[in-house]
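Each chain, letter by letter, is given below.
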Amino acid sequence: ILNVEQSPQSLHVQEGDSTNFTCSFPSSNFYALHWYRWETAKSPEALFVMTLNGDEKKKGRISATLNTKEGYSYLYIKGSQPEDSATYLCAFIKGTGRRALTFGSGTRLQVQP
Amino acid sequence: NAGVTQTPKFQVLKTGQSMTLQCAQDMNHEYMSWYRQDPGMGLRLIHYSVGAGITDQGEVPNGYNVSRSTTEDFPLRLLSAAPSQTSVYFCASSPRSGGGYTFGSGTRLTVV
């Protein structure tokens, strides 16, 4: 079983704060790393798909970086807004065998107005 | 464009009953997967498929069967429901070319 770990488990920040989360994954047999945003009572939605070491992706105030050699990815949110409140999931796809996602347990973000 | 459609949204079963959770996608995606979501456990892979006629087991396959006779449909069968299968089930699909998975809205299953 692949070990995908996310930290912290939960985070409470004030509106306007910037924050970041960590995802660690096996550094061998890497194929791709995904980030998803999961709002309460909805389904997970893809934020980023990252495949190359050193990848940096950005969507509005949210960005992500990838280090495949050491097995970690960071997700950054700049100037958090209440609508950013959600659980952020990372998911790993290994380079051999199945191409399905192995998820971490997520970081739950609460942004207070 | 409906995306990934799961039915039913809610279901209550008695222990020992069988049922099929339906999943259909209209995006011509090759990859489809079933996950279950339990408190504190995150999303765990039950079964997945890389194309019609091809399926494989995930992390927690026991008690579940799948088949993939068409690209569009990927039903999940519970053969003899157990209380441990109480969970929220998500179906997801992705194109073979890469890109993020699209998730269905989930099925909340309770086994009593």
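For the structure itself, consult the block above.
Not measured: the values here are computed from a predicted model.

> What is the right way to look at the overall build of chain A in this model?
In terms of helices and strands, chain A carries zero helices and eleven strands. Across chain A, helices and strands are ordered from the amino to the carboxyl terminus as β-β-β-β-β-β-β-β-β-β-β. Here the C-alpha radius of gyration of chain A, 14 Å, is about what a compact globule of 113 residues would show, namely 13 Å. C-alpha atoms of chain A, sized along the principal axes, occupy 45 × 30 × 20 Å. Taking all 113 residues of chain A together, 45% fall into the buried category. When contacts within chain A are restricted to residue pairs at least 6 apart in sequence, long-range pairs at least 24 apart make up 55% of them. Surface exposure of chain A reaches about 5,600 Å², of which carbon and sulfur atoms provide 44%. Across chain A, the mean location of the 12 positive side-chain charges is 8 Å away from that of the 10 negative side-chain charges.

> I keep staring at the interface of chain A and chain B and nothing clicks. Help me out?
Facing 16 residues of chain A, the contacting portion of chain B comprises 18 residues. When contributions to the side of chain A that touches chain B are tallied by element, the ones reaching two or more residues are β4 (30-38), β5 (45-50) and β10 (102-103) of chain A. Broken down by element, the side of chain A that touches chain B gets its largest block of residues, three residues, from β4(A). Split into classes, the residues belonging to the side of chain A that touches chain B amount to ten nonpolar, four polar and two charged.

> How should I be thinking about the pairing of strand β6 (residues 56-59) of chain A in this particular structure?
Taken residue by residue, a regular strand's side chains alternate between the two faces of the sheet. All names here are of chain A. As paired strands, β6 and strand β7 (residues 62-67) are joined by four bridges and run antiparallel to one another. Residue Lys57 lies in a different strand from β7, and its bridge partner there is Ala64. Hairpin geometry of β6 and β7 is characterised by an intervening segment of two residues between the two adjacent antiparallel strands and by a positive phi of about 65° at Gly60.

> Hey, could you run me through the state of the cysteines in this one?
Simply put, the disulfide is a covalent bond whose two ends are the sulfur atoms of two cysteines. Applying the stated rule across the entire model yields two disulfides over all chains. Here A:Cys23 pairs with A:Cys90 through a disulfide, and the sulfurs are 2.0 Å apart. In this structure the cystine formed by A:Cys23 and A:Cys90 twists about its S-S bond by roughly 75°; its chirality is therefore right-handed. Remark: A:Cys90 occurs in strand β9 (residues 86-94) and A:Cys23 occurs in strand β3 (residues 19-24); sequence separation between them is 67 residues. This pair shows no difference in class: A:Cys23 is buried, exactly as A:Cys90 is. One disulfide in the model links B:Cys23 with B:Cys91; its S-S distance is 1.9 Å. Negative torsions about the S-S bond denote left-handed disulfides, and the value of about -70° found for B:Cys23 with B:Cys91 makes this one left-handed. Separated by 68 residues along the polypeptide, B:Cys23 in strand β3 (residues 19-25) and B:Cys91 in strand β9 (residues 87-94) bring together distant segments of the chain. Residue B:Cys91 is classed as buried on the basis of its relative accessible area, which comes to 0%.

Procedures and definitions
Residues numbered from 1 in each chain as written. Chains lettered and ligands numbered in written order. Predicted model: local features only at pLDDT ≥ 70, side-chain atom pairs only at ≥ 80, totals over all residues. Heavy atoms only, no water. Helix = DSSP H or I, 4+ residues; strand = E, 2+ residues; numbered from the N terminus. Rg over C-alpha atoms; globule rule 2.2 N^0.38 Å. Buried < 20%, exposed > 50% of the residue type's maximum accessible area, 1.4 Å probe, protein only. Contact = heavy atoms within 4.5 Å. Areas by Shrake-Rupley, 256 points an atom, 1.4 Å probe, with all protein chains shown as cover. Lys, Arg positive; Asp, Glu negative; His and termini not counted. Charge placed at Lys NZ, Arg CZ, Asp CG, Glu CD. Nonpolar A, V, L, I, M, F, W, Y, C, P; charged D, E, K, R; others polar. Pairing = 2+ DSSP bridges. Disulfide = S-S within 2.5 Å.

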